[in-house]
Amino acid sequence: MRRFKTIIAGVATTALLAGAAISASHSDAIKARQDNMKARGANLGILGRMAQGQIDYDSVKAGEAAAALVALLSVDQSTFWPVGSAQGMVEGTRAKAEIWDNFADVGAMAGDLAAAADALSEVAAIDLASLQGAIGAVGGACGVCHKAYRGPKN
Amino acid sequence: MKRLFWPFLVVLLIGLVVYGLLTRPTFLDRTGFAAQVADATKGKSVFDAAGCASCHAAPMATGEARLILSGGRRFISPFGTFIAPNISSDAVAGIGGWSDYEIANAITNGVSPQKRHYFPAFPYDTYAKMTMADLADLVAYLRQLPASDLASAPHDVSFPFNIRRNLGGWKLLFGRDDWVMTGDIGPELTRGRYLVEALAHCAACHTPRNALGGMQRDKWLGGGPHPSGKGRFPNITPAALGWSKADIMEYLTSGFTPEFDTAGGEMVEVIENMALLDVTDREAIAAYLLAVKSVE
C-alpha cells in the first residue's frame, strides 16, 4: 500500500511539474508574441499620430518607424504560437482557439499585413499624403485578423 | 385530504390565470405605426446604428455579404446557445412573408407573428425605445435587402429556460421604458442617449447581468464577464475608460485605441457599423460616454 501511494505521489508530482513546465513555456511564447505586437503598435502609433496630425510629420522618423514595423513582421514566429496557448486554456492571452483550427487562414492574413506594411514603408518617408494613403491598409489588416481571432479582454 | 382538494384547485387555477396574464405577449401601437411614412434610405442608418448585420449576417461575412441576413451566428451563454435566425427578405426562410407591423412588433416587443416571445439575446428590450419613425424606416430598409433561403437553426437552450412563455415574466421584470441618463441634457446628449441606450444597445454587452440575464442598471456600462466564459466586456464609463472625445471618435471610426492597439472580437464588427454613421452621431455617442455616471 505504501509503495502504491509512493507511485501515485510520484506520478502526480511529475504531472504537476510537467504541467508547470508546459505553462511556463506557453507564458514565454505568449510574452514573445505580445511584446512583438506591442512593438508593432508603438511604431504604428508614431505613423498614425503623424497621419492624424496629432504630431508633426517627420520623414526620417516616419521612414524609421515603417522600416521597424516591417522588421517586426519578418521575425520568425514559429515558436510564438504553441498549441494550447489559447484564451480559456492558459491565462493572460486573448488568442482564440480558432487560430489553431485555421492556421492557413491566419497565415494568409499575416501575409496581407506584411504586404501592406511593405507598401507603407516604401512611401512613408516621401511625404505626409503618401503616409496617409498607405496607413489605412495596415490598420485594416490588423483589424481583419483581430476580428476573427482575438477574444474579449481578460 | 378530500377537504383540501377544492381550495388547492382554486389556488392553482388563480395561479395559472395570474401567470398567464403576467407572461402574455405585448404589442406595439398598431395605429401609431400605421401612420408612419417609411423612408428606406433613412432606414439604412437605423440599420447600421442598431447593428442588425453584426448578429444576423452569416458568420464572418464581409462587405456586401453583410447585407444578406441569413443568420447562423452562434451565441454561447449560460442559458444555452442561441443561433441568429434568418431575417432576410426571403418569403419562407426569412421575414419577407411578414407584414410591416409584424416585423416592427418583433423588433420592439420581442414577439413573433405567432405571438411567441423571443429570447432576449435579441435586444428588443433596448429597441423598445426606438422611435416609430425610425422603426418604420428600418422595416422598409430590411425589405429591400437580398433574400437567402437558408433555414433558421433552432436554439439549443435547456429546461427551464426553453419555456418561452416564461420570457413574458423576464420582460416584466427587466424591461424598462425609462432612460438611464436623466435630467436636462441638451440635444447632443439626447441624441447620444438614444444611440447608446436604444439603437446601438451598447449596454447589452457592456452592462453586467444578474443570474436571470437581466441588466444590472446600477452598473450601467460598467463591464462584465463574456457569456462564453472567456474574457470580459470592458467597463466603458469615464472611471475606467479614461479617453478623450477625440480618442473615442477615432476608436469608433478606425478601431484604433490611443495606444494604437486595435479592437478585437465582436467589437470590430460594432466599429464597422459605427464607422458608417454620420460623424455627428459618433460625436454624440462619445459625448454620452463622457457624461454617463462612472462605475468603479
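All values derive from a computational prediction rather than experimental measurement.

Participant: Looking at this structure, I do not really get the side chain of A:Thr93. What am I missing?
Facilitator: All names here are of chain A. You can see Thr-93 is positioned in the loop between helix H2 (59–73) and helix H3 (98–101). A polar atom in the side chain of Thr-93 sits 3.1 Å from the backbone nitrogen of Ala-95. When near neighbours in sequence (up to four residues on either side) are disregarded, Thr-93 contacts Ile-30, Arg-33, Gln-34, Ser-85, Ala-86, Gln-87 and Asn-154.

Participant: Quick question: what am I supposed to make of the pairing of strand E1 (residues 74–77) of chain B here?
Facilitator: Here is the key point about a regular strand: its side chains alternate between the two faces of the sheet. All names here are of chain B. The sheet contact formed by E1 and strand E2 (residues 80–83) spans 4 bridges and is antiparallel. Following the sheet pairing, Ser-77 is matched in E2 by Gly-80. Linking E1 back to E2 in an antiparallel pair, the connection comprises 2 residues.

Participant: Would you mind showing me how to read the packing of aromatic side chains here?
Facilitator: For any pair of aromatic rings, geometry is given as the distance between the ring centres together with the angle between the planes. Residue and element names in this part refer to chain B. Tallying each qualifying case throughout the model produces 12 aromatic pairs over all chains. Relative to Tyr-124, the ring of Phe-122 has its centre 5.8 Å away and its plane inclined at 85°; by these criteria the two rings are edge-to-face. Through pairs of rings, three or more aromatic residues link up here, namely Tyr-118, Phe-122, Tyr-124 and Tyr-127. Lying across the ring of Tyr-101, Arg-30 places its NZ or CZ 3.9 Å from the centre.

Participant: What is the right way to read helix H14 (residues 279–291) of chain B from this model?
Facilitator: The periodicity of an α-helix, 3.6 residues per turn, causes residues three or four places apart in sequence to face the same way. All names here are of chain B. Helix length check: H14, at 13 residues, gives a terminal C-alpha distance of 18 Å against a target of 18 Å (1.5 Å per residue), a fit within 8%. Listing the buried residues of H14 in full gives Asp-281, Arg-282, Ala-284, Ile-285, Ala-286, Ala-287, Tyr-288 and Leu-289. Summarising the contacts, the buried residues of H14 are in contact with helix H9 (186–199), helix H11 (238–241), helix H12 (245–254) and helix H13 (266–274).

Participant: Whenever I open this one, the sheet that holds E2(B) confuses me. Can you help?
Facilitator: Within a sheet, each strand pairs with its neighbour through backbone hydrogen bonds, oriented either parallel or antiparallel. As summarised here, the arrangement of the 3 strands in space is E1-E2-E3 (chain B), forming an open sheet in which the pairing is antiparallel. Edge positions in the open sheet fall to E1 and strand E3 (156–157) of chain B, since each of these has one partner strand only.

Participant: Could you clarify how one ought to interpret the pairing of E2(B) in this entry?
Facilitator: Strand direction decides the pairing type here: E2(B) and E3(B), joined by 2 bridges, are antiparallel. Looking at E3(B), one finds that B:Gly80 is bridged to B:Val157.

Participant: Sorry if this is basic, but what is going on with the pattern of salt bridges here?
Facilitator: Working definition: two side chains of opposite charge can pair if their charged atoms are close together. Per the stated rule, a full pass over the model turns up 11 salt bridges over all chains. Between B:Glu272 and B:Arg66 there is a salt bridge whose closest N-O contact spans 3.6 Å. Taken together, the residues span a long stretch of sequence, with B:Glu272 in helix H13 and B:Arg66 in the loop between helix H4 (52–56) and E1 at a distance of 206 residues. Given the relative accessible area of 30%, B:Glu272 is considered partly exposed. Through salt bridges that share partners, A:Lys147, B:Arg66 and B:Glu272 make up one connected network.

Participant: Got a minute to help me understand a nonpolar patch on the surface in this structure?
Facilitator: Residue and element names in this part refer to chain B. Taken together, the side chains of Val-10, Ile-14, Val-18, Leu-22 and Leu-172 make up a nonpolar region of the molecular surface, amounting to roughly 440 Å² of accessible area. Among the elements that take part in the nonpolar patch, helix H1 (residues 2–22) stands out by supplying 4 residues, more than any other. Judged by relative accessible area, Leu-22 falls into the partly exposed class, the value being 44%.

Participant: I'm lost on empty space enclosed by the protein in this one. Help?
Facilitator: If a probe as big as a water molecule is rolled over the atoms, it shows which places are left empty. Residues and elements named next belong to chain B. Tallying each qualifying case throughout the model produces 1 cavity of 30 Å³ or more. Taken as a whole, the largest cavity spans an internal volume of roughly 40 Å³. What lines the largest cavity is Ala-53, Ser-54, Ala-57, Ala-58, Pro-59, Met-60, Ala-61, Arg-66, Arg-73 and Glu-269. Of the residues contributing to the lining of the largest cavity, the split by class is 6 nonpolar, 1 polar and 3 charged.

Participant: Please explain the interface of chain A and chain B as it appears in this structure.
Facilitator: Size of an interface, as often reported, equals the accessible area lost when the parts are brought together. With 19 residues of chain A in contact, the opposing surface of chain B contributes 21 residues. With both sides pooled, the region where chain A packs onto chain B buries about 1700 Å², and carbon together with sulfur makes up 59% of that total. Interface area lost by chain A to chain B is led by A:Lys147, A:Arg150 and A:Pro152, which between them contribute 36%. Of the charged contacts, one joins B:Glu272 and A:Lys147 as a salt bridge, the two residues approaching to 3.2 Å between their closest N and O atoms. Among the elements of the structure, helix H1 (2–52) and helix H5 (128–149) of chain A are those that each provide at least two residues to the side of chain A that touches chain B. Looking at the side of chain A that touches chain B, its residues break down into 4 nonpolar, 10 polar and 5 charged.

Participant: I tried to follow the environment of B:Leu67 on my own but got confused; where do I start?
Facilitator: Within the element layout of this structure, B:Leu67 appears in the loop between H4 and E1. Setting aside anything within four residues of it in sequence, one finds B:Leu67 in contact with B:Phe47, B:Tyr141, B:Leu145 and B:Pro146.

Participant: Teacher, can you tell me more about the layout of surface pockets here?
Facilitator: All names here are of chain B. Reported here for the second largest pocket is a volume of approximately 360 Å³. Lining the second largest pocket are 17 residues; nearest its centre among them are Thr-26, Lys-171, Leu-172, Gly-175 and Arg-176. Among the elements of the structure, helix H5 (100–109), helix H6 (124–127) and helix H8 (166–174) are those that each provide at least two residues to the lining of the second largest pocket. It is H8 that provides the largest number of residues to the lining of the second largest pocket, a total of 4 residues.

Participant: What is the right way to read the environment of B:Ile285 from this model?
Facilitator: The topology assignment puts B:Ile285 in helix H14. Those residues in contact with B:Ile285 that sit more than four places away from it in its chain are B:Gly192, B:Leu195, B:Val196, B:Leu252, B:Met274 and B:Leu277.

Cut-offs and rules
By convention here, each chain's residues receive numbers from 1 onward along its written sequence. Here the convention is simple: chains get letters from A, ligands get numbers from 1, in the order in which they are written. For a predicted model such as this one, the threshold for reporting local features is a pLDDT of at least 70, and the threshold for listing and counting side-chain atom pairs is 80 or more; totals across whole chains, interfaces and linings nevertheless cover every residue. Side-chain measures were taken over the full set of non-hydrogen atoms in the model, leaving aside hydrogen atoms and water. In this description a helix means any DSSP run of H or I spanning at least four residues, a strand means any run of E spanning at least two, and both kinds are numbered starting from the N terminus. Under this definition, polar contacts are N or O atom pairs within 3.5 Å; protein pairs additionally need one hydrogen-donor-capable and one acceptor-capable atom, and for neighbouring residues in sequence, both atoms have to be side-chain atoms. For this analysis, residues touch if any pair of their heavy atoms sits within 4.5 Å. Any two strands with at least two DSSP-identified bridges between them are counted as paired. Ring pairs are drawn from Phe, Tyr and Trp, using the six-membered ring of Trp, whenever the two centres fall within 6.5 Å, and their geometry is named by plane angle: stacked under 30 degrees, edge-to-face over 60, tilted for the rest. Criterion for a charge above a ring: Arg CZ or Lys NZ at most 6 Å from the ring centre, at most 35 degrees from the ring normal. The span expected for a helix works out to 1.5 Å for each residue beyond the first. Exposure categories follow from relative accessible area, calculated using a 1.4 Å probe and restricted to protein chains: below 20% of the type maximum is buried, above 50% is exposed, and the middle band is partly exposed. A carboxyl oxygen of Asp or Glu within 4 Å of a side-chain nitrogen of Lys or Arg is what we treat as a salt bridge. Residues form patches when they are more than 30% accessible in relative terms and have no salt bridge. Like charges link within 9 Å. Nonpolar side chains (Val, Leu, Ile, Met, Phe, Trp, Tyr) link within 5 Å. Here the Shrake-Rupley method, with its probe set to 1.4 Å, supplies the accessible areas, and only the displayed protein chains count as covering residues. Points on a 1 Å grid over protein atoms alone make up a cavity when a 1.4 Å probe fits among them but cannot get out, and a pocket when they form an open set with protein on both sides within 12 Å along at least five of seven lines; lining residues each have an atom within 4 Å of a point. Grid points are joined across faces, edges and corners, and a volume is the space filled by probe spheres set on the points. Throughout, the ten residues Ala, Val, Leu, Ile, Met, Phe, Trp, Tyr, Cys and Pro are labelled nonpolar, Asp, Glu, Lys and Arg are labelled charged, and all others, Gly among them, are labelled polar. Joining two parts hides part of their accessible area as seen by a 1.4 Å probe, and the buried area is that hidden amount summed over both.

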